Structure formats: structure tokens, C-alpha cells
Amino acid sequence: MILVLAPNTPPDGSAYRELIQRLDQLTGIKHRVHREIGDEVTLTEIYLIGNTAALNPEVVQQFPCVERIVRISEPYRVLGRHQQNDNRVSSFEYNGIRFGQDTFHVFAGLCAVDSRESVETMMRALRGHGQMCSRMGAYKPRTSPYAFQGYGKTCLPYVFELAGKYGIKVIAMEITHESHIDEIRDNLRTTGNATGVMLQIGTRNTQNFELLKIIGRQQEFPVLLKRGFGITLDESLNAAEYLASEGNRKVVFCLRGMKTNMGDPHRNFVDFAHVPTIKRLTRMPVCVDPSHSVGSRAVSPDGLLDVFHVTAQGIIAGANMVLVDFHPFPEKALVDGPQALRLNELQHFLDDTALVRETYLKRATRAAQEITS
Ligand code: PEP
Ligand code: MN
């Protein structure tokens, strides 16, 4: 059960204190407070965890400060959509950029940081095209222990410094261990927080529950959670719920294809048809990763790369974010060079995404008209 309190309920007021006292008296039920501090309004939700079936909703509704209650019987308690009019807070802002099921951002950048020159050339190009988000891999989980594992914390000073120089506000960066959070935080601080980082959890770690819990316990950095490549969608959505149940609801869910030979000739079986499903089941913004789905620069007879095609398929289905590999010098890339788009394709890629996004918005407007007519 979720108690939605009246907007701007002061946490030090007597009514709020009385509410907390009453909740403390409920046997077998714990509560967790989630406060969303906005520019104009602060919203407070209290999650009741435990044997809530025994509670009388009419009694709870009368508790001080409670505006309404949301009963939850479905899974994905925090991130799920539970009622037709479930309009609880569903977007978040980070470093000046808003993420929600109605926003759209492209995160183009390096799969793996390999040199200062690559980072600078990439970021300069992004700024030249009005982009404020990027992807930069420092910690790379690799299939072979002998493969390049990423430069780790040694590249962070120049990655963050250059991000600041070129106006990049949010960098998606995979982490594979909790210590990486501190390394990122420390290096951001040294650069005067020149940029922001969205912590990426890779497909190999989707069910690394201890890592999820630790990342969930911090609320400083938002999270980009990749779908597990060989588990059900339900299992991956529960992984997102691990983050949220620990307190971090700034979660973007990313589709990146499923590992199956049925996906051949693509590296992974493209699953972007699930974008609307996830938006229906949860309130998370949904990202698509065309690079790790397709895994090559295959081009179809119409002249469009498969990466362009599947990106468009994700966006026309309502995707809110695109995570895509670019490289200024693909022949020098240490990871995934063959699937990277080139800088001379950046303008075309951005134009193409904008075109498809515009079409999606028109389709959604048309559908809304059908409902109201
Ligand atoms: C990546 O985005 O660099 C990556 C390794 O992706 P995934 O975890 O989806 O394989
Ligand atoms: Mn990669």
C-alpha cells in the first residue's frame, strides 16, 4: 500500500509526526518514506511493507496528511503502474535534464574510452550538434579475461573535464562494482562536478542483486538498467524494482536485444517491440540500444544501416532514449569498433531520430483524439 500525502506536507509538522507514530504502531508493517523535492512542490509517498492485506483502507485514509492511498497487489510495487489514474511522480530531473515517459534524448558516444583524443573529438562533435548527453565506457565487462577491460578510474579525470568543456550534462557509464561509484563521485568532485553520470548496469549484471541494492541505496546518480540478455522481461523488471525498493527511483530501463541464435544475423534478437509493453507495465522511461542489438554496420538495400532501422523501430514505438555507439576513429577503437557509427553519420542519425520521434508524437496525439471522441 502506498500513502500519497498532501503536497508540501512539512516533515517537521505535528500532523506528519502523528502519522509516523500511527504507522509505527502497526504490527508487522514497516514503512519507507520517499520524498520528491521539486521546484514548486514537494511530494511525499510512504510505502507500507508487510502484511498490508489486514489493513482497512478506509481507516488508513483517515490518518493525518494522507491525501489518498494506492493499493498494490501487482508486482513492481514502486515502479509499476497500478491504477488507471495512477499519476504518481514518474519523471525525474538530473543535472538539468528531465527523463520521463514523455521525453526523448540521444546518448551517442564511445562504447569504451580508449584515448583522450577520441573522447575530445567525440564530445566536440556532440556539442557541434547541440547534444548534451553521451555514453562513455570506462569499466568494460568482457567475455574474455584477456580482452581490454577499460581504463577504469584512470580515464575519469579527462572524461569529466572534457564533458564540462563541451557542455555534456549527463554521461551514461557502466559500472560493474560498487567501488566504481566512489571512484566516479571522487573524480566528479575533483572536476568541480563538471558533468553528471547515469550509472549503467550492463546486461551481465541485471540480476547481480547485491550490486543492484547498493546502487539503489544511493540517490545521487540515476540508473540506466539494461535488460538481462537471457532472462524473462518480468525478471528484468524485478531487477529495476530492486533499485527502486532500496530508494532510487531514477531508473531508465534499456532494451538491448536478447541472446538467441534466432536473432541471427544480428548480434542479439532485437526486442524493441517491448517498448510500449514496459511503458504500460511501469512508469519508467524506456531506452533502446541499437548498437548492442544489431552489432554490425550491415546496410540494407534502401541505404539505411540496420542500426538506423532498429533505432527508428524503437522510437516509433515510443522510446525515450537512444544509447548508441559512435567512434571518431573506429579502426582505433579497442571495443566494438565494427558496430560504431562514424562522426560523419552523426547529423544523419540525429535528423533520422528527430523525424521518427515527430511521427511518433503525431501518432500518439491522433490516438488520444480517438479516445476522447
Ligand atoms: C555497453 O553498453 O557497452 C554494453 C556492454 O552493453 P550490454 O551490457 O547491453 O552488453
Ligand atoms: Mn559495447
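As a reminder, the structure under discussion sits directly above these lines.
The structure presented is a predicted model; accordingly, all values stated were derived computationally and were not measured. (Residues numbered from 1 in each chain as written. Chains lettered and ligands numbered in written order. Predicted model: local features only at pLDDT ≥ 70, side-chain atom pairs only at ≥ 80, totals over all residues. Heavy atoms only, no water.)

Draft legend 1. Quick peek at the sheet that holds strand β8 (residues 133–136). Pairing is parallel in the closed barrel, where eight strands are placed in the order β7-β8-β9-β10-β11-β12-β13-β14. Shown here is a sheet whose adjacent strand axes are inclined to one another by a mean of 25°, direction ignored. Two elements, β8 and strand β9 (residues 170–174), share three bridges in a ladder whose sense is parallel. Bridging across to β9, serine 134 finds its partner in isoleucine 171. (Pairing = 2+ DSSP bridges. Helix = DSSP H or I, 4+ residues; strand = E, 2+ residues; numbered from the N terminus. Axes fitted to C-alpha atoms, helices over the stretch in contact; angles between N-to-C directions.)

Draft legend 2. Up close: the layout of surface pockets. Here the second largest pocket defines a volume of roughly 290 Å³. Breaking the lining of the second largest pocket down by element, the ones donating at least two residues are β2 (29–37), β3 (42–50) and α7 (233–245). Counted by class, the lining of the second largest pocket contains eleven nonpolar, four polar and four charged residues. Two domains share the lining of the second largest pocket, each providing at least three of its residues, namely domain 1 (2–72) and domain 2 (93–372). (1 Å grid on protein atoms, 1.4 Å probe; cavity = no way out; pocket = protein on both sides within 12 Å on 5 of 7 lines; lining within 4 Å. Points joined across faces, edges and corners; volume = space filled by probe spheres on them. Nonpolar A, V, L, I, M, F, W, Y, C, P; charged D, E, K, R; others polar. Domains from an automatic or database assignment.)

Draft legend 3. Seen up close, the packing of helix α6 (residues 209–217) against α7. Relative orientation of the contacting elements α6 and α7 amounts to 40°, with a least axis distance of 7 Å. As far as their axial angle goes, α7 and α6 are oblique. Here the hand of the crossing between α6 and α7 comes out right-handed. Contacts from Phe209, Leu212, Lys213, Ile215 and Gly216 in α6 reach Ala239, Tyr242 and Leu243 in α7. Its residues assigned to classes, the contact of α6 with α7 comprises six nonpolar, one polar and one charged. (Parallel < 35°, antiparallel > 145°, perpendicular 65-115°, else oblique. Left-handed = near helix turned anticlockwise from the far one by under 90°. Contact = heavy atoms within 4.5 Å.)

Draft legend 4. Seen up close, the site of ligand 1. Around ligand 1, a shell composed of Cys111, Arg135, Lys140, Glu174, Gln200, Gly202, Thr203, Arg204, Lys226, Arg256, Asp289 and His292 is seen. At 2.7 Å from an oxygen atom of ligand 1 is found a side-chain nitrogen or oxygen belonging to arginine 135. For ligand 1, an oxygen atom lies 3.4 Å from a polar atom in the side chain of histidine 292. Protein coverage of the free-state accessible area of ligand 1, which is 300 Å², stands at 97%. Grouping the constituent residues of the shell around ligand 1 by class yields one nonpolar, four polar and seven charged. (Near = heavy atom within 4 Å. Polar contact = N/O pair within 3.5 Å; in protein donor to acceptor, adjacent residues only side chain to side chain. Areas by Shrake-Rupley, 256 points an atom, 1.4 Å probe, with all protein chains shown as cover.)

Draft legend 5. Inspection of the environment of glutamine 219 at higher detail. Position of glutamine 219 among the secondary structure elements: in the loop between α6 and β11 (223–226). Looking at glutamine 219, the relative accessible area reads 41%, which means it is partly exposed. C-alpha separation for the pair glutamine 219 and glycine 96, spaced 123 residues apart in sequence, amounts to 16 Å. Discounting residues that sit within four places of it in the chain, glutamine 219 has contacts with His34, Gly247, Asn248 and Lys250. (Buried < 20%, exposed > 50% of the residue type's maximum accessible area, 1.4 Å probe, protein only.)

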